[in-house]
Amino acid sequence: MRFWLVRLASVAVVLVGCFLLQQWAAASLTPYLQSLVFLAGGYVALAVSLNLINGITGQFSIGHAAFYMIGAYTTAFLTATFFKAQPLDSTAWVVLMVVAGSVVAGIAGLVVGLPSLRLRGDYLAIVTLGFGEIIRIVVQNVKALGGSFGIDCRVEPAPPSIMLMWLLAILTIAICRNLLKSAHGLPFLAVREDEIASSAMGVQVTKVKVTAFVVGSMLAGAAGAIYAPFQVFITPLNFDMYQSFIVLTMVVMGGTGSVTGSAIAGLLLYLLPEYLRLMKQPGTSKAISIGGPAVAAGLVGVIVLVWLLRVVQAKVVGSKWQRWAGNLGALAATALLVYLGSLALHGVPFLRSRNYTMAELRMAIFALVLIALMLLRPAGIMGHHEFSWDGIGKRLRRRTSGAKA
Amino acid sequence: MSENATPVLRLKEATIKFGGLIAVNCVSFDLMKGDLFGLIGPNGAGKTTCFNLVTGLYPPTSGSIEFMGRDISGMASAKIAKLGICRTFQNIRLFKALSAVENVMVAAYLRHRTGLGSGLGLLPSAIRETKELRRQALELLDVVGLSDVAEERSGDLAYGRQRRLEIARAMATQPELLLLDEPAAGMNPNEKVDLQQTVRRIRDDFDKTVLLIEHDMRFVMGLCERIVVLDHGEEIAQGPPDAIRNDPKVIEAYLGAAV
Ligand SMILES: Nc1ncnc2c1ncn2[C@@H]1O[C@H](COP(=O)(O)OP(=O)(O)OP(=O)(O)O)[C@@H](O)[C@H]1O
Ligand SMILES: [Mg+2]
């Protein structure tokens, strides 16, 4: 009884929270910021659902955008064809589309996953990569789906997309977290760790892999179904390989297997490039511009940094602090080198004549952040760990008891 | 035990070829309920391959394998585990990133009852069952003496402990027949004595039938009641330890391997 009360209360809190987010965003944010909030939720859903496949079950899927696209195009097609002629209001329609989009994406996941997941090894990676491209090219050439021009999927009045997307993100997190909290998650983790041992312990390896893949695909499809009407007009370019790649990066960054990590990385990696892009917008603070020599020195600096961090990690053993000092030393040395290098490069006229703004360099900065993060924390932000209040409590207690000792 | 009781495990001329190599050649033996059976032979004799055949990793090229009177040759590994055969691995195959107790719970999960849906919703039934599996797992860790490291990452455990964890994990599937592949490898003499007791206890207190591979002669001779000897995939002797010890073919196989 108490269980159901708690469960009901938490669901209510989530619903109200997402509703308030929607109200607040609609009332006080610019359309651009609204889309930021919306897509942040979308990337959390995509990253966490891909984490179910890649991180928790250990199957390397690299075409997650394909299922996102299938969900979006299912919705777009159905909306363009039927929305005007049916009686549902826009919220109910989008919810219906979420069901349709996830079912179609799930079926596609089954068709792609079943043959490739039966095999050991990296077939899934190859197949999903190819599938992502094939789907995009097929859509580009199908008139009924708008071809490369795109398709109009306006739902009037505008549905509460931010609320729906964040509900989906939270649902995705809840599904993965519950799976890991109950014994039902163990076969998934076991398959990731060792397929042969898993099957010897009675785990039906193919079934587990396909389940993870189909559920992950369905969640991506659901995200696509919410995305399409928000975007109003979608084209195949919205779902190119970059999308798959960025979601995959989020999972790896977050620490494969960690739900919390994927969610945090999803937020950060989506918002960081957007933040850097903002710097170009008129009205925001004047972009910091960096001269050509600094850029050239910076590129060399990255290589040096990578090398130095490698050396530090291989050579410096000892306490955590000593290792941190080593890492900081490497960073400081690189910074100094970049500074001196850029001074020296000022002598090169071709380089001196060029200035870059932060916004122009955003992808380069983004790449640098990724590289540095991977070097410093190869297991991702969270490693295999999960965020939990208990864990924080334990850590604090340990710290205070350590101080006493 | 009467002569015509169904054997727990029966290999009938089981054979497997890898390309030109005949790894196991017409091997036949019966294990009766409650046997503590040894499988020995020089390196590369085909012992592990026998386990792989019995647990469905490979289908036999010819011959058959019966478990409790049922033909299991070529059946999927997971299904064989469900029927009641479980094994440990010579080259330890733990789920390294999982804790010791989670490793055992994976295996105990085989006998679970609630559906995936209750897990995804974290319903009371799933929570209760998770607790129950955990309790079972902790009990088994106690049997092999690993209670103190239950929450530790299994990949970080000492070698001997990893081997014992493999045994606890296999036990958790509640098998009728337990296959142990070199359980004492890499253990020190004290650990080996403990292990002998554990294996005996598994047979006596838990009513299992045990088939074990081991290179340490003292270990096998002191523990097993019957022994099969393989050499180059062929069965060269079968019988109680004393007979095996004095069998000229066995002596030759071992000396031949040693020279
Ligand atoms: N999958 C396989 N493909 C090809 N050859 C194999 C395969 N598995 C085993 N073999 C070969 O079969 C023979 C028997 O191997 P097996 O592992 O069963 O020996 P073993 O008796 O367990 O030896 P050890 O005491 O060293 O563990 C070896 O020659 C091995 O190389
Ligand atoms: Mg072997």
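Residues numbered from 1 in each chain as written. Chains lettered and ligands numbered in written order. Predicted model: local features only at pLDDT ≥ 70, side-chain atom pairs only at ≥ 80, totals over all residues. Heavy atoms only, no water.

*Asks:* What should I look at first to understand the layout of surface pockets in this one?
*Replies:* It is a probe the size of a water molecule, rolled over the atoms, that shows where empty space is left. As a volume, the second largest pocket reaches approximately 910 Å³. If you trace the second largest pocket, you find 37 residues lining it, with Gly202(A), Val203(A), Gln204(A), Val205(A) and Ala78(B) closest to the centre. Elements with a contribution of two residues or more to the lining of the second largest pocket: α4 (90-118), α7 (186-193), α8 (195-200) and α9 (205-231) of chain A together with α2 (77-83) of chain B. Top element by residues in the lining of the second largest pocket is α9(A). It accounts for 6 residues. Class assignment for the residues of the lining of the second largest pocket results in 18 nonpolar, 12 polar and 7 charged. (1 Å grid on protein atoms, 1.4 Å probe; cavity = no way out; pocket = protein on both sides within 12 Å on 5 of 7 lines; lining within 4 Å. Points joined across faces, edges and corners; volume = space filled by probe spheres on them. Helix = DSSP H or I, 4+ residues; strand = E, 2+ residues; numbered from the N terminus. Nonpolar A, V, L, I, M, F, W, Y, C, P; charged D, E, K, R; others polar.)

*Asks:* Got a minute to help me understand the coordination of the magnesium ion (ligand 2) in this structure?
*Replies:* For a metal with four donors in a tetrahedral arrangement, the ideal angle between donors is 109.5 degrees, while six donors in an octahedron ideally sit at 90 or 180 degrees. All names here are of chain B. Donor atoms from the polypeptide that bind the magnesium ion (ligand 2) are Thr48 (OG1) and Gln90 (OE1), placed at 1.9 to 2.1 Å. Taken as a pair, Thr48 in helix α1 (residues 47-54) and Gln90 in the loop between β6 (85-87) and α3 (100-108) lie far apart in primary sequence, 42 residues in all. Assessed through its relative accessible area of 24%, Thr48 is described here as partly exposed. You can call Gln90 partly exposed: its relative accessible area is 30%. (Donors = N, O, S within 2.8 Å, 3.2 Å for Na, K, Ca; no water. Buried < 20%, exposed > 50% of the residue type's maximum accessible area, 1.4 Å probe, protein only.)

*Asks:* When you look at the packing of aromatic side chains in this model, what are you seeing that I'm missing?
*Replies:* Pairs of aromatic rings are described using the distance from one ring centre to the other and the angle between the two planes. Residue and element names in this part refer to chain A. All told, the structure shown has 13 aromatic pairs over all chains when counted by the stated rule. Each ring, one from Phe38 and one from Phe230, has its centre 3.8 Å from the other, and the planes form 15 degrees; the classification is stacked. With Phe38 in helix α2 (residues 31-56) and Phe230 in helix α9, this residue pair connects regions lying 192 residues apart in the sequence. With 4.9 Å between their ring centres and 25 degrees between their planes, Tyr43 and Tyr270 make a pair best called stacked. Taken as a pair, Tyr43 in helix α2 and Tyr270 in helix α11 (residues 259-278) lie far apart in primary sequence, 227 residues in all. (Phe/Tyr/Trp six-rings, centres within 6.5 Å; stacked < 30°, edge-to-face > 60°.)

*Asks:* Before we go on, may I ask you to explain the site of ligand 1 in this structure?
*Replies:* All names here are of chain B. Taken together, 14 residues lie near ligand 1, and Lys47, Thr48, Thr49, Gln90 and His215 sit nearest. Between ligand 1 and Ala45, the relevant distance is 3.1 Å, taken from an oxygen atom to a main-chain nitrogen or oxygen of the residue. Within the side chain of Tyr58, an N or O atom sits 2.9 Å from a nitrogen atom of ligand 1. Protein contacts shield 65% of the accessible area of ligand 1, which totals 640 Å² for the unbound molecule. At the level of secondary structure, the elements contributing two or more residues to the shell around ligand 1 comprise β2 (21-31) and α1. Considering every element that reaches the shell around ligand 1, the biggest residue donor is α1, with 3 residues. (Near = heavy atom within 4 Å. Polar contact = N/O pair within 3.5 Å; in protein donor to acceptor, adjacent residues only side chain to side chain. Areas by Shrake-Rupley, 256 points an atom, 1.4 Å probe, with all protein chains shown as cover.)

*Asks:* Would you take a moment to explain the nonpolar core for this structure?
*Replies:* Ile234(A), Leu141(B) and Leu212(B) are the most contacted members of the largest nonpolar core, which totals 141 residues. The leading source of residues in this core is α2(A), at 15 residues. Those residues in contact with Ile234(A), other than ones at most four positions away along the chain, are Ala72(A), Tyr73(A), Ala76(A), Gly150(A), Ile151(A), Cys153(A), Tyr227(A), Ala228(A) and Phe239(A). Core analysis: the next-biggest nonpolar cluster, separate from the first, contains 29 residues, Ala45(B), Val54(B), Phe67(B) and Val228(B) among them. (Core = buried A, V, L, I, M, F, W, Y, C linked by side-chain atoms within 4.5 Å. Contact = heavy atoms within 4.5 Å.)

*Asks:* I would appreciate a short explanation of empty space enclosed by the protein in the present structure.
*Replies:* Counted according to the given criterion, the structure contains 5 cavities of 30 Å³ or more. Of the volumes computed, that of the largest cavity is approximately 70 Å³. Taken together, 14 residues line the largest cavity, and the ones lying closest to its centre are Gly132(A), Glu133(A), Phe239(A), Met241(A) and Ser244(A). Put simply, the parts of the chain that give the lining of the largest cavity at least two residues each are α3 (64-82), α5 (123-140) and α10 (241-254) of chain A. Considering each element in turn, the lining of the largest cavity owes the most residues, 5 residues, to α5(A). In the lining of the largest cavity, the residues fall into 7 nonpolar, 4 polar and 3 charged. Taken as a whole, the second largest cavity holds about 40 Å³ of empty space. Taken together, Leu52(A), Ile175(A), Leu179(A), Phe188(A), Thr211(A), Val215(A), Leu116(B) and Leu120(B) make up the full set of residues lining the second largest cavity. Elements represented by at least two residues in the lining of the second largest cavity include exactly α6 (161-181) and α9 of chain A together with α4 (116-120) of chain B. Taken together, the residues that form the lining of the second largest cavity break down as 7 nonpolar, 1 polar and no charged.

*Asks:* Would you take a moment to explain the domain arrangement of chain A for this structure?
*Replies:* Segmenting chain A into domains produces domain 1 (13-277) and domain 2 (289-381). Each of domain 1 of chain A and domain 2 of chain A has a C-alpha centre, and these two points are 34 Å apart. (Domains from an automatic or database assignment.)

*Asks:* Just to check I follow, could you spell out the interface of chain B and chain A for this structure?
*Replies:* It is common to give the size of an interface as the accessible area that goes away when the parts come together. At the junction of the two partners, chain B supplies 38 residues and chain A supplies 31 residues. With both chains or domains summed, chain B and chain A bury close to 2700 Å², and 75% of this area falls on carbon and sulfur atoms. When the buried area of chain B at its contact with chain A is split by residue, Phe95(B), Leu120(B) and Leu122(B) rank highest and sum to 22% of it. In this assembly, chain B and chain A are joined by 11 residue pairs in polar contact (both at pLDDT 80 or more). Elements that contribute at least two residues to the side of chain B that touches chain A include exactly α2, β6, α3, α4, α5 (124-143) and α6 (159-171) of chain B. The biggest single contributor to the side of chain B that touches chain A is α5(B), with 6 residues. The residue makeup of the side of chain B that touches chain A, split by class, is 23 nonpolar, 9 polar and 6 charged. (Buried area = accessible area lost by both parts, 1.4 Å probe.)

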